[in-house]
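# Survey of secondary and tertiary structure
Each chain, letter by letter, is given below.
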Amino acid sequence: MNISFRHLLSADQVTQEDIQAICKKASFFHHNTSSSIFDLARGKILASLFFEPSTRTRFAFEAAMQKLGGNIITLESGASSSTKKGETLSDTGRIMSGYCDIAVIRHPQKNSATEFAKHATIPVINAGDGSNQHPSQSLLDIYTINHFHHRLDELSIGIIGDLKFSRTVKSLVQLLAFYKRHTFYLISHPSLKMNTETVAWLKKCGHQVIETKSLQDTLPLLDIAYMTRVQEERFDTKESYDAVKNHYRLERAHLTHAKPTLTILHPLPRIAEIAEDVDTHTSAKYFDQAQFGLYIRMALISEMLGLEI
Ligand code: CP
């Protein structure tokens, strides 16, 4: 194993060396389709436990396991597991350890993956726990940034939209903070700002942080525009969501003065925050980003199972 963690529950467990090892392996899977890959996980089972909806994370993990030659067992909603009868997540993790070799869990509650992993004897990957963490997404975001920019230092990074509830943002900034001299432009409605502790910590790590409201004025300065969806499911009321949901929308006309090397990223799904006419712009890289998620998940599964190529 070339990585330092047994479970992947939060981005703050990941070291710079881990990022390097996982991205190197992901790059191998990205660029090699040799048939030997398809036997690596033969006989191994991945449990894919999704108590919350997902398209990319769930299917990328399941496709990754199948491409590695392994099998999957799945849970598509909490309603069909015995947690509905009151079983704890820690008991569920203990039980699933007897049936499979690695588990991926998404759940609406913060720290749910940690609870699941408490007595698990198999590696556990947090695929999103409420508004808390989504570490495999941040690894694929880092892979995507390095793929298009060929560096992870000294970037101007706009993070736009829901900086309060977005778990992908929380995980991503923890990994970006390892690298040198970024300028973060935080662009959000006042009610969806990044928490002050994280802003202070980024500054302490040596990065510049600029909080601003104007996406259009900031776009020409950016190397990366990381758009996010306003997380409707985290709001207490529909009225409070409706009040902010359409605050930022990136349209093709806004990109006139953008750097030619700008990359527009988004963990997806997008709702209305990126107009469809942006999709064909050379800066639009969010569909590549989703594709790269497959290679990162192949790398994570093979590393966490200790499978050697
Ligand atoms: N990026 C992401 O987590 O997408 P899904 O919710 O579709 O898994």
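Residues numbered from 1 in each chain as written. Predicted model: local features only at pLDDT ≥ 70, side-chain atom pairs only at ≥ 80, totals over all residues. Heavy atoms only, no water.

## Points about the environment of F165
The following threshold applies: The secondary structure listing takes helices from DSSP runs of H or I that are at least 4 residues long and strands from runs of E that are at least 2 residues long, numbered from the N terminus. Only heavy atoms enter the contact rule, under which two residues are in contact if any of them lie within 4.5 Å.
Mapped onto the elements, F165 comes out in the loop between β5 (156-160) and α6 (167-176). C-alpha separation for the pair F165 and L268, spaced 103 residues apart in sequence, amounts to 14 Å. In this structure, F165 is in contact with S131, K170, L192, Q231, R234 and F235, ignoring residues within four places of it in sequence.

## A word on the layout of surface pockets
Any empty space left between atoms is shown by rolling a water-sized probe over those atoms. Just so we agree on the cut-off: Method remark: on a 1 Å grid restricted to protein atoms, a set of points is classed as a cavity if a 1.4 Å probe fits but cannot get out and as a pocket if it is open with protein on both sides within 12 Å along at least five of seven lines; lining residues have an atom within 4 Å of a point. Grid points are joined across faces, edges and corners, and a volume is the space filled by probe spheres set on the points. Side-chain classes follow a simple rule in which Ala, Val, Leu, Ile, Met, Phe, Trp, Tyr, Cys and Pro form the nonpolar group, Asp, Glu, Lys and Arg form the charged group, and the remainder, Gly included, forms the polar group.
Approximately 390 Å³ is the volume attributed to the largest pocket. R106, R167, R229, L268 and P269 are, among the 21 residues lining the largest pocket, the residues nearest its centre. Breaking the lining of the largest pocket down by element, the ones donating at least two residues are α2 (56-67) and α6. Its residues assigned to classes, the lining of the largest pocket comprises 4 nonpolar, 10 polar and 7 charged. Of the volumes computed, that of the second largest pocket is approximately 280 Å³.

## What to know about the domain arrangement of the chain
Rules: Domain delimitation in this document rests on an assignment produced automatically or drawn from a domain database. Here, a salt bridge means any Lys or Arg side-chain nitrogen found within 4 Å of an Asp or Glu carboxyl oxygen.
According to the domain assignment, the chain consists of domain 1 (11-134 + 293-304) and domain 2 (135-290). Taking the mean C-alpha position of each, domain 1 and domain 2 sit 25 Å from one another. If you look at where domain 1 meets domain 2, you find 2 salt bridges. A salt bridge links R234 to E52, with the nearest nitrogen and oxygen atoms 3.0 Å apart. When residues of the side of domain 1 that touches domain 2 are traced back to their parent elements, those giving at least two are α1 (16-31), α2, β4 (124-129) and α10 (286-304). It is α1 that provides the largest number of residues to the side of domain 1 that touches domain 2, a total of 8 residues. Its residues placed into classes, the side of domain 1 that touches domain 2 shows 11 nonpolar, 14 polar and 6 charged.

## Section: the pattern of salt bridges
Cut-off, in case you're wondering: Using a 1.4 Å probe on the protein chains alone, a residue whose accessible area is under 20% of its type maximum counts as buried, one over 50% counts as exposed, and one in between counts as partly exposed.
This model, assessed by the stated rule, comprises 16 salt bridges. Between E233 and R234 there is a salt bridge, with its nearest N and O atoms 4.0 Å apart. On the accessibility criterion, E233 (42% relative accessible area) is partly exposed. Here D242 and K238 are joined by a salt bridge, their closest N and O atoms 2.9 Å apart. Linking D242 with K238, this pair stays in helix α9 (residues 238-242), spanning 4 residues, or about one helical turn. The structure contains a network of salt bridges with shared partners spanning E52, R167, R229, E233 and R234.

## Overview of a nonpolar patch on the surface
The test is simple: Residues enter patches when their relative accessible area tops 30% and they take part in no salt bridge; the joining distance is 9 Å for like charges and 5 Å for the nonpolar side chains Val, Leu, Ile, Met, Phe, Trp and Tyr. Per-residue accessibility takes into account occlusion by the displayed protein chains alone, with areas from the Shrake-Rupley method and a 1.4 Å probe.
A surface patch of nonpolar side chains, amounting to about 290 Å² of accessible area, comprises I73, I95 and Y99. Mapped onto the fold, Y99 is located in the loop between α3 (89-96) and β3 (102-107).

## As for the sheet that holds strand β6 (residues 183-187)
Note the cut-off: When DSSP finds two or more bridges between a pair of strands, those strands are recorded as paired. Helix axes are fitted to C-alpha atoms over the stretch in contact, other axes to C-alpha atoms as well, and angles between N-to-C directions run from 0 to 180 degrees.
Overall, parallel pairing links the 5 strands, which are arranged β7-β6-β5-β8-β9 in an open sheet. Two strands close off the open sheet at either side, each with one partner strand: β7 (208-212) and β9 (263-265). Ignoring strand direction, the axes of neighbouring strands in this sheet form an average angle of 20 degrees. Here 3 bridges tie strand β8 (residues 224-227) to β9, and the two strands are oriented parallel to one another. What sits directly across from A225, in β9, is I264.

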